[in-house]
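Residues per chain, in single letters:
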Amino acid sequence: MYKVSQALALTGGRVLQGANPEATIDNLLLDSRKVVFPQRSAFFAIQGANHDGHQFIQDLYDKGVRTFFVEKELPLFQTLEANFIEVPRCIEALQRLAAAHRQQFRYPVVGITGSNGKTIVKEWLSQLLAGYFRIIKSPKSYNSQIGVPLSVWQMNHFHNLGIFEAGISQTGEMEALQQVIQPTLGILTNIGPAHDAGFASRSEKIDEKLKLFKQTDLLIYCKDYEEAHRRIEALQIPTFSWAFHRKADVRVMHLERHGTFTELSFVYLSESHTLEIPFIDDASIENVMHCLCLMLYFKLPFPEIVGLVFNLKKPAMRLELKPGKQGNYLIDDSYNNDLSGLQVALDYMNLQPPGKHKVAILSEMYETGLPDEMLFEQIAALLQQSQIETLIGIGQRFVQYRSLFDQVFAKQANYFFEDVGSLLNAELLDKLSHSLILVKGARRFAFEKIVQRLQEKNHRTVLEINLDALVHNLNFYRSCLHPTTKVMIMVKAFAYGSGITEVAALMQFHKVDYLAVAYADEGVHLRQNGIYLPIMVMNTTQEDFDFLIDYDLEPNIFSLPLLEELTHYLQQRSSKIAIHIELDTGMRRLGFLPEEVTHLTTHLLAHRNRFRVAGLMSHLAAADSDAHEDFSKRQIEQFQTLAAQLEKALGYDVLKHMLNSPGIVRFPEAQMDMVRLGVGLYGVEANKKLQGKLESVGTLKTTISQIKHIRQGESVSYGRNWVASRDSRIAIIAIGYADGFNRKLSNGVGAVQINGQLTPTVGLINMDMSMVDVTDIEAQVGDEVIIFGKNPTLFDIARQTDTIAYEIMTNISERVKRIFYTN
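This structure is a prediction, so every number in the text was calculated from the model and none was measured.

Tell me about the overall build of the protein chain, and please be specific about residues and values.
For the protein chain, the helix and strand inventory stands at 27 helices and 42 strands. Against the compact-globule benchmark of 28 Å for 823 residues, the protein chain has a radius of gyration of 29 Å, which places it among compact chains. For the protein chain, the proportion of its 823 residues judged to be buried stands at 57%. Contacts in the protein chain between residues at least 24 apart in sequence constitute 66% of all its contacts with a sequence separation of at least 6. On the protein chain, roughly 34500 Å² of surface is accessible, and the fraction owed to carbon and sulfur atoms is 48%. Averaging the coordinates of the 82 positive side-chain charges in the protein chain and doing the same for the 93 negative ones gives two points 1 Å apart.

So this is what it looks like as C-alpha cells:
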C-alpha cells in the first residue's frame, strides 16, 4: 500500500485538493464499472481522442472512491471531499507509480517482447517453472502502456520471479515499458510483420523493441533472425542464444516431426541432448526453444526439463462464451485462476445482458502472496461486487473458509467441494438452468471436466467471434468521428452472422448510442435479453405495431401509407412513439422521394401528438465507389437540404444520419449527428483503403471426421466430378453448404487450412460434409480445419465465389455454434 502523499511525490503531481493525504492506495482504477475496494483505490482520469475519464468522477465518488489523478481542474472538485492530484498525463503517472513499486523487489524479472508469441511464452514459462518459483505474471495479454503497469503493480514480496510481456505498435513506446518492468532477464520471441505500419522500417521496429533489454543481465533470442542478431551484437547486450542454422549457446542439430510431436536434438555446453516437444508447428517449436533456454539458464536438471516439456499443453489464453445445456451460457476460463484473472473474468461476465442467474464455479488460488483469510476476503468482495448469486467453491481451503462466504452471501446458496469429482458426483450441475456460469479454475483441478458436463453437445463446426477485434474496430471508426458524433450499430441479420445478442451486449457495454435491426422481432429478442439501448427497426410492417409500443422500438417510416397506418393505430391506442424518417436521395429502395416531403411534413404536423421524430436518415447508394463520388455528394447535399426543411417545420432538432461504414471513411464532412456502423464493425473495410486498420472478427472452424486412402482413378462425392490423378489421402470434414460452406468452392476452387497449410477441396461440397485433399500434409482425425479466418480470409472466399464478404458472413447457418472469446 502507498499513502496518497507518497503517490504525489512519486508521480510529480500537484495537489488541487487534499482531503486526506494519509489515505492508502492499494488498487489502481481506470474503469468506473470495475470498482471493488473504493476506499483503497485511486482513479486515473485518462483522456483520449474519444474518451475522457473526467466525466466519470462523480459516479466514482458516489461509489466511494476518494483519490483521483486528473489532467485538468473542474468546478466539480470543489463540491467533493476527496484527493485530487493534477498530473500532465495520467498514463505517465500510472507508469511512474508502477515503476516505483517495481523498484522494491530484487528477484529476477523476465521481460518478453517480439512480434508474436509473447503471451504463449509467458504462459508456458509459468507452467514450466511453477514447481521452482512463486511466479507473478501479466494476466492474459496485458502488454500495453496501461496493461504493463497494472500487471507490475501486482508484485509483492511473496513472489520470487516475475514474468511480464511488453507490446508496442509505434516508436516511443518501449522506453516507458522498460522503466516499469525493469527486466533483469529478457526474451525476444521473433521479429515479423505485426505492427510494421507504426515504424519507418523493420530495423526501426527492432531497435524500439530492444530498448526493453537495455539494462538486462541476459537476453534470450534466436540467432537465425539475422537483422535482430546484428542489432543485438551492435548493442553488446549479454545473450543466451539458440539457433537452427548457426553457432549458438543452444544449437539445434536435428528436428523430426512424428504426427503429434517433434523430436529435437541439440547441443548445449558441448553435450548432446534430445527433447520431445508435443507440437509439430513451427511457431510452437520456436516458443518452446525460448522456454528451454530460460530453464537451462536457471540450471534445472535436464531429466526434469524433458518431462516438463513433454507434458506442455497449449494454454487457453482467452475467455470463451459458449452455449450450455438447459438454457445456460458458460464463460469458460477453466485453465488458470488468480485474483487478476478473476477480476478480468468477472468484468467479462458483467458485460453480458442481465436476466440470467449468475453462478461462479471457482477453484482455490495458489501463489498469490496473500494470507488465506485476506485472499478469500478479496475473492468474496469481487464476487459480491459482481452480484454473483451462487458460488460453487472447489478445494480444501474453500471448504475451510465456507463460513466467510456464508456470512457475506447469507441470502444465497453456496456449495463447497474438496475436488471436482465430488462436485460431479453431487449432480448439482445438472440442476442449473437459465444461468450465466463462470467456470474458472487452476489447471491442477481439471475444470475442463466441469465444462464438458455443462456444455451443449452439438455440431463440431463453430464460428469463433473475437470480441476484442469488435471493440478494436469500433474504436477505429470512433477515431474517425467528431467527439459529438453518435454511433448507431447495425446488428441486423444476426449481427452479420456474428450473434445478435452478444454483439449488442458488447456494444451496450462500450456505450454506443443506438442499435439498428432489420425487423421488429430482432428488436423484441434484444429487449428480452437485457438490451436497453434505443433500437431502430429498419423495415416495419403493420403487423409489428404492437411490438413497437410494447418493447419501445423506434420504427423507420419510409412511406405515406405506412405512416397513415401507424397514425391510425396510435390513435386507437392513445399512444405516442419515436420514429425515424427515411428519405430516398438516390438509392431507390425504401424512403420518401423529395416530391413527397411536403405531404410528409403536413401529416407529421397534423399528428404531432402521436409522433416524436427521433431521426432523419438516408442511404448512400455507392459510398465505397470512387467512380460515383459525385453522385454520393449530390445525395448528401440533397439529404441535408430536405432534412433542414423538415427540421424547421418540426420546430426541434432531430438526429440526422446518412453515413454507413464506407461513408464514414470517405465523407467525414457528412457525419452530421450520427453514423450507422455496419460491416466495418465486423472487420470489412468496403472501400478497400484502410483494411489494415481493422481486425478480423470471425473464424469459421470444423474438424476432420475421417481420412480415407483413395486409389488413382477413383472418384469422390456426388456426380463423380473429381477423379484422383494419383493415390491420395482424402479428409472428410464436418461442414457443408447447409452450414454456409458455399457449393461454388467445390472441386479445388476453394481451400481450407489444416495444421498451417492450405489444402484444396475435392469433389462436390455436400449438405453436411465436404472433402479435402491431405495427401501432401500432416493430418489426422480430429484435427482442426479453418474454413476462413486469417488464411484463407473472408475476402479469399468472396473472390472465389464471385460475391461480397457480407454474403459469406451472413450465410453462416445458425446451427453453427458461435463461441465468443476475449484475449
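Provide a residue-level description of the packing of helix H11 (residues 339-351) against helix H12 (residues 372-385), including the pertinent values.
Direction vectors running N to C along H11 and H12 enclose 10°, while the axes themselves pass 10 Å from each other. Classed by the angle they form, the pair H11 and H12 counts as roughly parallel. Of the residues in H12, those in contact with Leu-339, Leu-342, Gln-343 and Leu-346 of H11 are Leu-375, Gln-378, Ile-379, Leu-382 and Leu-383. Looking at side-chain class alone, the contact of H11 with H12 contains 7 nonpolar, 2 polar and no charged residues.

Please give an account of the layout of surface pockets that cites residues and values.
The space that makes up the second largest pocket amounts to roughly 740 Å³. Forming the boundary of the second largest pocket are 33 residues, of which Tyr-496, Asn-660, Val-679, Ile-804 and Tyr-806 lie nearest the centre. Listing elements by their share of the lining of the second largest pocket, those giving two or more residues are helix H18 (492-496), helix H25 (661-666), strand E33 (674-677), helix H26 (794-800) and helix H27 (805-810). For the lining of the second largest pocket, the per-class residue count stands at 20 nonpolar, 6 polar and 7 charged.

Run through the side chain of Asn-414, naming residues and quoting values.
Note on placement: Asn-414 falls in strand E23 (residues 413-417). The buried category is assigned to Asn-414, whose relative accessible area is 10%. Within the local environment of Asn-414, its side chain forms a polar contact with the backbone oxygen of Phe-405, the two atoms lying 3.5 Å apart. In terms of polar contacts, Asn-414 uses its side chain to reach the side chain of Asp-406, at 3.4 Å.

Tell me what's going on with the sheet that holds strand E13 (residues 185-188), and back it up with residues and numbers.
Strand order in the open sheet formed by 9 strands is E11-E12-E10-E13-E14-E15-E16-E17-E18, with mixed pairing between adjacent strands. Each end of this open sheet is capped by a strand with a single partner; those strands are strand E11 (135-137) and strand E18 (271-277). Each strand of the sheet is rotated relative to its neighbour by a mean of 20°, with strand direction disregarded. Of the pairings in the sheet, the one linking E13 to strand E14 (residues 218-222) comprises 3 bridges and is parallel in character. Looking at the pairing, Leu-185 lines up with Leu-218 of E14. The sheet contacts of helix H8 (residues 226-235) involve E13, E14 and strand E15 (239-243), and relative to E14 the element is tilted by about 160°.

Please set out the nonpolar core residue by residue, giving values where relevant.
Soluble globular proteins: nonpolar side chains tend toward being buried together. Grouped together as the largest cluster of nonpolar side chains are 148 residues, with contacts concentrated most on Ile-379, Leu-383, Phe-405, Ile-489, Val-491, Leu-515 and Ile-579. Setting aside anything within four residues of it in sequence, one finds Ile-579 in contact with Pro-555, Ile-557, Leu-563, Leu-566, Leu-604, Phe-611, Arg-612, Val-613, Ala-614 and Gly-615.

Explain the pattern of salt bridges to me, and be specific about the residues and the numbers.
Enumeration according to the criterion identifies 40 salt bridges in this entry. Residues Asp-332 and Lys-322 are paired through a salt bridge, measuring 2.9 Å at the closest nitrogen-oxygen approach. You can see Asp-332 sitting in strand E20 (residues 329-333) and its partner Lys-322 sitting in strand E19 (residues 319-323), a full 10 residues away along the chain. For Asp-332, a relative accessible area of 9% gives the class buried.

Help me get a handle on the packing of aromatic side chains, residues and values and all.
Aromatic ring pairs are defined here through the distance separating the ring centres and the angle between the ring planes. For the structure on display, the rule yields 24 aromatic pairs. With centroids separated by 6.1 Å and ring planes inclined at 90°, the aromatic side chains of Phe-376 and Phe-405 adopt a geometry described as edge-to-face. With Phe-376 in helix H12 and Phe-405 in helix H14 (residues 402-408), this residue pair connects regions lying 29 residues apart in the sequence. Phe-405 shares its class with Phe-376; the two are buried. For the pair Tyr-496 and Tyr-682, a centre-to-centre distance of 4.7 Å together with 20° between the ring planes defines the contact as stacked. Within this pair, whereas Tyr-496 is found in helix H18, its partner Tyr-682 is found in the loop between E33 and strand E34 (698-710), the two being separated by 186 residues in sequence. Residues Tyr-496 and Tyr-682 agree in their burial class; the two are buried. Taking NZ or CZ as reference, Arg-33 lies 3.8 Å from the ring centre of Phe-509, over its face. Stacked on the ring of Tyr-366, the Lys or Arg Arg-444 has its end atom at 3.8 Å from the ring centre.

Calculation notes
Residues numbered from 1 in each chain as written. Predicted model: local features only at pLDDT ≥ 70, side-chain atom pairs only at ≥ 80, totals over all residues. Heavy atoms only, no water. Helix = DSSP H or I, 4+ residues; strand = E, 2+ residues; numbered from the N terminus. Rg over C-alpha atoms; globule rule 2.2 N^0.38 Å. Buried < 20%, exposed > 50% of the residue type's maximum accessible area, 1.4 Å probe, protein only. Contact = heavy atoms within 4.5 Å. Areas by Shrake-Rupley, 256 points an atom, 1.4 Å probe, with all protein chains shown as cover. Lys, Arg positive; Asp, Glu negative; His and termini not counted. Charge placed at Lys NZ, Arg CZ, Asp CG, Glu CD. Axes fitted to C-alpha atoms, helices over the stretch in contact; angles between N-to-C directions. Parallel < 35°, antiparallel > 145°, perpendicular 65-115°, else oblique. Nonpolar A, V, L, I, M, F, W, Y, C, P; charged D, E, K, R; others polar. 1 Å grid on protein atoms, 1.4 Å probe; cavity = no way out; pocket = protein on both sides within 12 Å on 5 of 7 lines; lining within 4 Å. Points joined across faces, edges and corners; volume = space filled by probe spheres on them. Polar contact = N/O pair within 3.5 Å; in protein donor to acceptor, adjacent residues only side chain to side chain. Pairing = 2+ DSSP bridges. Core = buried A, V, L, I, M, F, W, Y, C linked by side-chain atoms within 4.5 Å. Salt bridge = Lys/Arg side-chain N within 4 Å of Asp/Glu carboxyl O. Phe/Tyr/Trp six-rings, centres within 6.5 Å; stacked < 30°, edge-to-face > 60°. Lys NZ or Arg CZ within 6 Å of the ring centre and 35° of its normal.

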